[in-house]
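# Chain and residue survey
Each chain is listed here by its residues.
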Amino acid sequence: HHAAVWAPNMHDWIEAALGILGAGGVLVTINTRFKGSEAAYVLGKSRARLLFTAAELMSSVKPLVGSGLAANQVVVCEGHAPGYVDLAHFSAATSPTPFAPRHMEPDAPASILYTSGTTGRQKGATLSHSNVLSNVHATRECLHIDPSDRLLLFLPLFHCFGQNFIMNAGLASAATLVLHRRFEADRVLGSTEADGVTMFFAVPTIYM
């Protein structure tokens, strides 16, 4: 089954993504800058039948309900939207027994990330479990990430840089993720010092 996450950087984004993968599903990530029609296209092409989102995006999500997506297939991770399920509902219903992730074949699809669609319709790039693990292994080896590291993460989680290079590599290294919703210079620089950040990741525009 394919399940999508359409939400800004937040802890519940990571929880939903790991839950999808652990259950043997395929993670579909949607750019938070997409409009409703763009998100609808991604949901349709990816065949996602479950959507994790945030209350702040519900004005864009609600028009999609009824066209391949039912109200009970929308889970609100942050905030509350009447008539829709909150992620807290699942947390309250879970068993204290540790969750055992499903075994997946190395070549089985793990996630689908979509291009921005600047030259046409968005294109989905499918990453296998071995793709993701290879990325994680290479990143850990090249950067020498260890459990004492604190990785600054303000790049979008729907993008490969934020999702694979920082989030997945950080979690696999038992490092700490210092999560920010977006890049805000003063807030990020203050956090770098206050939170003891040891690894800072950005794109050229931000460095300039």
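This text goes with the structure placed above it.
The text that follows walks through the structure, step by step, so that each part is easy to find.

Definitions and limits used
- Residues numbered from 1 in each chain as written.
- Predicted model: local features only at pLDDT ≥ 70, side-chain atom pairs only at ≥ 80, totals over all residues.
- Heavy atoms only, no water.
- Salt bridge = Lys/Arg side-chain N within 4 Å of Asp/Glu carboxyl O.
- Helix = DSSP H or I, 4+ residues; strand = E, 2+ residues; numbered from the N terminus.
- Buried < 20%, exposed > 50% of the residue type's maximum accessible area, 1.4 Å probe, protein only.
- Contact = heavy atoms within 4.5 Å.
- Axes fitted to C-alpha atoms, helices over the stretch in contact; angles between N-to-C directions.
- Parallel < 35°, antiparallel > 145°, perpendicular 65-115°, else oblique.
- Nonpolar A, V, L, I, M, F, W, Y, C, P; charged D, E, K, R; others polar.
- Phe/Tyr/Trp six-rings, centres within 6.5 Å; stacked < 30°, edge-to-face > 60°.
- Pairing = 2+ DSSP bridges.
- Expected span 1.5 Å × (residues − 1).

### Some words on the pattern of salt bridges
Oppositely charged side chains may form a pair once their charged atoms are brought near each other. In this structure the tally under the stated criterion is three salt bridges. With its nearest N and O atoms 2.7 Å apart, the salt bridge here joins R181 to E56. Of the two residues, R181 is situated in the loop between β9 (176–179) and α7 (185–194) and E56 in the loop between β3 (48–54) and α3 (58–61); the sequence distance between them amounts to 125 residues. Residue classification places R181 among the partly exposed positions, given a relative accessible area of 28%. Close ionic contact of E78 with R181 constitutes a salt bridge, the shortest N to O distance being 2.5 Å. On the criterion of sequence distance, the pair formed by E78 in strand β4 (residues 74–78) and R181 in the loop between β9 and α7 is long-range, its members being 103 residues apart. Given a relative accessible area of 31%, E78 falls into the partly exposed group. One salt-bridge network, in which partners are shared between bridges, spans E56, E78 and R181.

### Some points on the environment of A110
Relative to the helices and strands, A110 resides in strand β6 (residues 109–114). Counting along the chain gives 94 residues from A110 to P204, while the straight-line C-alpha distance between them is 29 Å. If near-sequence neighbours (up to four positions away) are discounted, A110 is found in contact with L21, G25, V26, L27, L127, S128, H129 and V132.

### Notes on the packing of helix α1 (residues 11–22) against helix α6 (residues 160–172)
At their nearest, the axes of α1 and α6 sit 13 Å apart, and the two run at 80° to each other. What the angle tells us is that α1 and α6 run roughly perpendicular. Between α1 and α6, the contacting residues are W13, I14 and L18 on the first element and Q163, M167 and L171 on the second. Considering only residue class, the contact of α1 with α6 consists of five nonpolar, one polar and no charged.

### Describing the packing of aromatic side chains
In this structure the tally under the stated criterion is six aromatic pairs. Geometrically, the ring pair formed by F154 and F183 is tilted, given 5.1 Å between the ring centres and 50° between the ring planes. Pair noted here: F154 is in the loop between β8 (150–153) and α6 and F183 is in the loop between β9 and α7, with a separation of 29 residues, a long-range link. Taken together, a centroid distance of 6.0 Å and an interplanar angle of 45° make the contact between F200 and Y207 tilted. For F200, a relative accessible area of 30% gives the class partly exposed. On the basis of relative accessibility, which here comes to 53%, the residue Y207 falls in the exposed class. Three or more aromatic residues link up through ring pairs in this structure, and these residues are F154, F183, F200 and Y207.

### As for the sheet that holds strand β2 (residues 26–29)
Strand order in the open sheet formed by seven strands is β5-β4-β3-β1-β2-β6-β7, with mixed pairing between adjacent strands. Only two strands of the sheet have a single partner each, and these edge strands are β5 (85–86) and β7 (124–128). Note that β3 and β4 share four bridges and pair parallel. Within the sheet, the bridge partner assigned to L51 lies in β4 and is V74. This element, α6, spans β2, β6 and β7 of the sheet and lies at about 140° to β6.

### Some points on α6
The end-to-end C-alpha distance of α6 is 16 Å, clearly below the 18 Å that 13 residues give at a rise of 1.5 Å each. Three or more residues of α6 are buried, namely G162, Q163, N164, I166, M167, N168, A169 and G170. Just past α6, the residue A174 takes up positive phi, approximately 60°.

### Re the packing of helix α5 (residues 129–143) against α6
For the pair α5 and α6, the least separation of the axes is 9 Å and the interaxial angle reads 80°. Between α5 and α6, the angle is such that the two are roughly perpendicular. In this structure, α5 uses V132, N135, V136, T139, R140 and L143 to contact α6, whose residues at the interface are N164, F165, N168, A169 and A172. Taken together, the residues of the contact of α5 with α6 sort by class into six nonpolar, four polar and one charged.

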